[in-house]
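Residue-level structural notes
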Amino acid sequence: MKSIFQGVLKHIDRLDGAKLREQYRRATEELAFFETLMKTMKEGVVVYDGKGDVVYRNEAAEALGDIALPLGTASRSELRVTYPEERILEARTVPMERGGTLAYIRDITAEKARTREELESGATKSVCDLAAGVAHEIGNPLNAISLNLQLLEREHEGDELIAACRQQVARLDGIIRRFLQALRPARPNLAPGSLAEPLERCVAALRAQLEDRHISIAVDKLTAIPPVAIDQNQFEQVYFNLIKNALEAMKDGGTIHIVLSSDDNDAIVEISDCGEGMDESQLAHLFEPYRTTKENGTGLGLMVTLRIVRNHGGSISARSKRGEGTTFTIRLPRIERRIRALK
Ligand code: ADP
Ligand code: MG
């Protein structure tokens, strides 16, 4: 829609007093219309300037309070806010041509509850149970095949056919494991710990793969790392999923930067790669199951990651630019905050 302001601006030198007043009145009306529109919207709209300061916030956004969002890039995040009540929000940011960032925030608590209910209800649940049962049953003979192949491999060292079979069996095993995990996410076993420990273990486990692809990992600890309630095993999985995606996106090698920090509320970890990045439409569907751009991808890694982070009461967001790279940010509430919130 072409704004009246643009029309007036074009002819402003030729307008006399009366015309100017008339245009001014119409412009004010138009502005009032937009203000009403913004006011009645259920969705939050926030405009940031280039320095990251808020220059406009509609009422819905006002009610949501301060939310840390990635500025200056396109991003999509799902956040869990715990105050004043627990809600799940979806936030999208878009950089504006004239500088600054436009953020659009939507409450998706009900939507999420509905999907969970649907997943947990009647027919869907029995289909999921059946699928999980079948997947589980496939696991047993698969294990046996894998063991037998190992024995064969020992007898026929260097046999390429056996090696190829083993590789495919390992792949199948991975697919089934992830499938089961996606269907039945375990409750996290929370204990006080830090975001750094599972990261170290994950990096150690990936060392060979990283070297193979000429990728190094640089870890920065900006602040003392505050304790969080964390399931170390599940977080190792989170790091594994994110670092694996990062290295798969970095076809020419390079460095993955990981920054650990904290603010008053959260312990924060940021994982940045300089890989192929994503465009806005990819970002819009990130975290949805079975969305993959990889020939052998499952499209389940990020969904599992999101679930784990959420079950920890945390949030995860991504920002990305095609051709430049991607950053994932995870926030977990600091333990001291949690206790304070419970009181
Ligand atoms: P998969 O890795 O099996 O494809 P994921 O859920 O881990 O499944 O990721 C889904 C999709 O998101 C990927 O196929 C890829 O297109 C995109 N993606 C995830 N992480 C990155 C990243 N670091 N850089 C670029 N694209 C990514
Ligand atoms: Mg993946």
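To keep things clear, this report deals only with the structure shown in the data block. (Residues numbered from 1 in each chain as written. Chains lettered and ligands numbered in written order. Predicted model: local features only at pLDDT ≥ 70, side-chain atom pairs only at ≥ 80, totals over all residues. Heavy atoms only, no water.)

Re the side chain of T329
Checked against the element boundaries, T329 lands in strand β12 (residues 325-333). Judged by relative accessible area, which is 11%, T329 ranks as buried. In contact with T329, not counting residues within four places along its chain, are I268, V269, E270, S315, I316, S317 and R319. (Helix = DSSP H or I, 4+ residues; strand = E, 2+ residues; numbered from the N terminus. Buried < 20%, exposed > 50% of the residue type's maximum accessible area, 1.4 Å probe, protein only. Contact = heavy atoms within 4.5 Å.)

Some points on a nonpolar patch on the surface
Together, L9, I12 and L20 make up a nonpolar patch on the protein surface, roughly 270 Å² of accessible area in all. Its location among the elements puts L9 in helix α1 (residues 4-11). The exposed category is assigned to L9, whose relative accessible area is 62%. (Patch = residues over 30% accessible without salt bridge, like charges linked within 9 Å, V, L, I, M, F, W, Y side chains within 5 Å. Areas by Shrake-Rupley, 256 points an atom, 1.4 Å probe, with all protein chains shown as cover. Salt bridge = Lys/Arg side-chain N within 4 Å of Asp/Glu carboxyl O.)

Comments concerning the side chain of N241
Relative to the elements of secondary structure, N241 occurs in helix α8 (residues 232-249). Under the relative-accessibility criterion, N241 is labelled buried at 9%. Here N241 is in contact with G301, V304 and T305, once residues within four sequence places are set aside.

Describing the pattern of salt bridges
Applying the stated criterion to the full structure yields 19 salt bridges. With a closest N to O distance of 3.8 Å, R57 and E62 form a salt bridge. Exposure remark for R57: the relative accessible area of 26% places this residue in the partly exposed category. Between E288 and R291 there is a salt bridge, and its shortest N-O distance comes to 3.0 Å. Given the relative accessible area of 48%, R291 is considered partly exposed.

Focus: the sheet that holds strand β2 (residues 54-57)
The strand order across the open sheet built from 10 strands is β2-β1-β5-β4-β3-β11-β12-β10-β9-β7, with neighbouring strands paired in mixed fashion. Of all strands in the sheet, those with a lone pairing partner are β2 and β7 (215-221), marking the two edges. Mean inter-strand twist for the sheet, computed between neighbouring axes without regard to direction, equals 15°. Pairing geometry for strand β10 (residues 266-273) and β12, over 8 bridges, is antiparallel. Along β12, the bridge assignment pairs E270 with T329. The sheet strands contacting helix α7 (residues 196-212) are β7 and β9 (254-262), and the helix crosses β7 at an angle near 165°. (Pairing = 2+ DSSP bridges. Axes fitted to C-alpha atoms, helices over the stretch in contact; angles between N-to-C directions.)

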